[in-house]
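# Analysis of the macromolecular model
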Amino acid sequence: MTTLELKTAIHQAVEKVPEGALPEVLNYINSVQHTSPVKKDIRKIIDKIFEEDANLLRRLAE
C-alpha cells in the first residue's frame with residue numbers, strides 16, 4: 001500500500017471508531033510519534049498482528 005492509501009484507510013477506520021474510543025486512538029497515534037527505535041520495532045510487530053487479524057478484531061468489536 002502507498003502512503004496515501006494507508007492514510008485514506010486510517011481515516012476511514014477512524015470514522016467508524018466509537019466516539020468514546022477516540023481519545024484512546026489519539027493517544028496511540030501520539031505515542032507512536034514519540035517512541036524510541038526499540039519501541040518502534042515492537043510497534044511494528046503489534047501493527048502486523050493487528051493487520052493480519054483485522055477481520056477478526058472487527059468481528060469482535062461488533
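Residues numbered from 1 in each chain as written. Predicted model: local features only at pLDDT ≥ 70, side-chain atom pairs only at ≥ 80, totals over all residues. Heavy atoms only, no water.

A few words on the overall build of the chain. Each helix and strand counted, the chain has four helices and zero strands in total. Reading the secondary structure of the chain in the N-to-C direction produces α-α-α-α. Along the longest, intermediate and shortest principal axes, the C-alpha atoms of the chain span 35 × 25 × 25 Å. Expressed as a percentage of its 62 residues, the buried residues of the chain come to 2%. Side-chain charges of the chain comprise 9 positive and 10 negative groups, with the mean position of each set lying 5 Å from the other. (Helix = DSSP H or I, 4+ residues; strand = E, 2+ residues; numbered from the N terminus. Buried < 20%, exposed > 50% of the residue type's maximum accessible area, 1.4 Å probe, protein only. Lys, Arg positive; Asp, Glu negative; His and termini not counted. Charge placed at Lys NZ, Arg CZ, Asp CG, Glu CD.)

Averaged over all residues, the pLDDT of the chain is 86; the fraction at 70 or higher stands at 100%. Predicted confidence in the chain is weakest over helix α4 (residues 54-61), with a mean pLDDT of 80, and strongest over helix α1 (residues 3-16), with 92. (pLDDT = per-residue confidence, 0-100.)

Put simply, helix α2 (residues 22-33) and helix α3 (residues 37-52) touch, their axes get as near as 10 Å, and they point 140° apart. Classified by the interaxial angle, the pair formed by α2 and α3 is oblique. Taken together, the residues of α3 that come into contact with α2 (itself represented by Y28, S31 and V32) are K40, R43 and D47. (Axes fitted to C-alpha atoms, helices over the stretch in contact; angles between N-to-C directions. Parallel < 35°, antiparallel > 145°, perpendicular 65-115°, else oblique. Contact = heavy atoms within 4.5 Å.)

The grouping of D47, E51, E52 and D53 at the surface amounts to a negative patch. According to the relative accessible area criterion, E52 is exposed, its value standing at 56%. (Patch = residues over 30% accessible without salt bridge, like charges linked within 9 Å, V, L, I, M, F, W, Y side chains within 5 Å. Areas by Shrake-Rupley, 256 points an atom, 1.4 Å probe, with all protein chains shown as cover. Salt bridge = Lys/Arg side-chain N within 4 Å of Asp/Glu carboxyl O.)

The next thing to look at is the environment of V32. Turning to its location among the elements, V32 is positioned in helix α2. Residue V32 is classed as partly exposed on the basis of its relative accessible area, which comes to 29%. When the C-alpha positions of V32 and A13 are compared, they lie 17 Å apart, and in sequence the two are 19 residues distant. With residues near it in sequence (within four places) discarded, V32 still touches K40 and R43.

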